[in-house]
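Descriptive analysis of the structure
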Amino acid sequence: MRILVLGGTVFLSRAVAEAAVSRGHDVTCAARGVSGTVPDGAAHVPWDRADAVPSELTGAAFDAVVDVSRIPSHVRRAVEAFPDAHWTFVSTINVYADTATPGGTPATLPLLDPIETDEDPGSGPETYGAMKVACENVVRSGAAAALVIRPGLIVGPGDPSGRFAYWPDRFAQAAQDGLPVLVPEPTDAPVQLVDVRDLADWIVTAAEAGTTGDFDAVCPPLPRSELLAQVADGAGANPRLVPVAPEVLAEHDVVPWSGPRSIPFWAADLVDAGFMTHDVTSSLEAGLTIRPVTETATDTLAWLRATPDANVTGLTRAEEQEVLAAVVG
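Residues numbered from 1 in each chain as written. Predicted model: local features only at pLDDT ≥ 70, side-chain atom pairs only at ≥ 80, totals over all residues. Heavy atoms only, no water.

Before going further, it helps to examine the sheet that holds strand 5 (residues 86-90). A sheet is described by the order of its strands in space; here 7 strands give the open sequence 3-2-1-4-5-6-11, paired in parallel fashion. Each edge of the open sheet carries a strand with a single partner, namely strand 3 (43-46) and strand 11 (213-217). On average, each strand axis in the sheet is tilted by 20 degrees relative to the strand beside it, whichever way the strands run. Relative to strand 6 (residues 145-151), strand 5 runs parallel, the two being bridged by 5 bridges. (Pairing = 2+ DSSP bridges. Helix = DSSP H or I, 4+ residues; strand = E, 2+ residues; numbered from the N terminus. Axes fitted to C-alpha atoms, helices over the stretch in contact; angles between N-to-C directions.)

So this is what it looks like as structure tokens:
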């Protein structure tokens, strides 16, 4: 197959290009090229998607297109250029207007009203989600065949966010220094994520099969305690975990989700009960496979150790121990 990956230099889009090349497909990556290189075996066509389709792609025929954009005009321009291909659009679970209903599916959950103009997706999750809804609509209405995949937290080697990397890195530190690790309560809160390689493999498989429809792309819900147990196993550690209540963490300026002084994957009251409890039965039936978190943790830690400039977000080890000393003495 001739596959056009819109992107191909960073994390998911690069993993898709790598997976497609490994299966013998003819892969072209269209990207600015300022964030990294395309995988060996893939062709690179420079394209700033704010500009017109480059001449190297004008009139080209592709069997499949994979797009991860969040800008409606970018998606509109690309669909108009390649309407006859099988399109995979990578959306997000942030498209859902209902985040309170546990066990929701693409067939049961309502979507946000689309924002069809190009706004700043960093202005908030609702704006980001609503722009993705608009992008989904463009693909469905303009492409010959459309597959919409809605991931939640994408993790694994190469993750520029540094969120998941915090945990194997922290557990590896604990294995060396013997100090405890702070974890947020409730420890049994559900978490859903997907390894970037599993997602990329599914995207290529679906393109090969011509799969269409809307699907969520996360693992079945896991209690955070089980997730962390698997991460610790993958990091070769057996740390002493100290659960701390959310209100106590807030008193010590510890924030949820990501960024400085954060505990990654701790949602606190940022999200409702349905955000990380999606029913992904249909996705698994459609070919999504989920590797053990242990494997993801092992490989992420190896990537961290081999990549000096890899990002790890969250509380520093010193900040964490300061909080624990203040809380438990």
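For the pair helix 6 (residues 224-234) and helix 9 (residues 293-306), the least separation of the axes is 7 Å and the interaxial angle reads 45 degrees. In terms of orientation, helix 6 and helix 9 fall into the oblique class. In the crossing of helix 6 with helix 9, the sense of the turn from one axis to the other is right-handed. Two secondary-structure elements touch here, helix 6 through L227, Q230, V231, D233 and G234 and helix 9 through V293, T294, A297 and T298. Taken together, the residues of the contact of helix 6 with helix 9 break down into 4 nonpolar, 4 polar and 1 charged. (Parallel < 35°, antiparallel > 145°, perpendicular 65-115°, else oblique. Left-handed = near helix turned anticlockwise from the far one by under 90°. Contact = heavy atoms within 4.5 Å. Nonpolar A, V, L, I, M, F, W, Y, C, P; charged D, E, K, R; others polar.)

Let us look at the side chain of T105. Topologically, T105 is positioned in the loop between strand 5 and helix 3 (125-142). For T105, the residues in contact, after removing those within four places along its chain, are Y96, D216 and D279.

The next thing to look at is empty space enclosed by the protein. Applying the stated criterion to the full structure yields 1 cavity of 30 Å³ or more. Considered as a void within the structure, the largest cavity measures approximately 40 Å³ in volume. Split into classes, the residues belonging to the lining of the largest cavity amount to 4 nonpolar, 4 polar and 1 charged. (1 Å grid on protein atoms, 1.4 Å probe; cavity = no way out; pocket = protein on both sides within 12 Å on 5 of 7 lines; lining within 4 Å. Points joined across faces, edges and corners; volume = space filled by probe spheres on them.)

Glancing now at unusual backbone geometry. A cis amide bond, omega -5 degrees, links E185 with the succeeding residue P186. Topologically, P186 is positioned in the loop between strand 8 (181-184) and strand 9 (190-191). Residues other than glycine seldom take positive phi values, yet F11 does so here, at roughly 45 degrees. The residue F11 is located in helix 1 (residues 11-22) in this model. One non-glycine residue, R261, lies in positive phi territory at about 55 degrees. Positionally, R261 belongs in the loop between strand 14 (255-257) and strand 15 (262-264).

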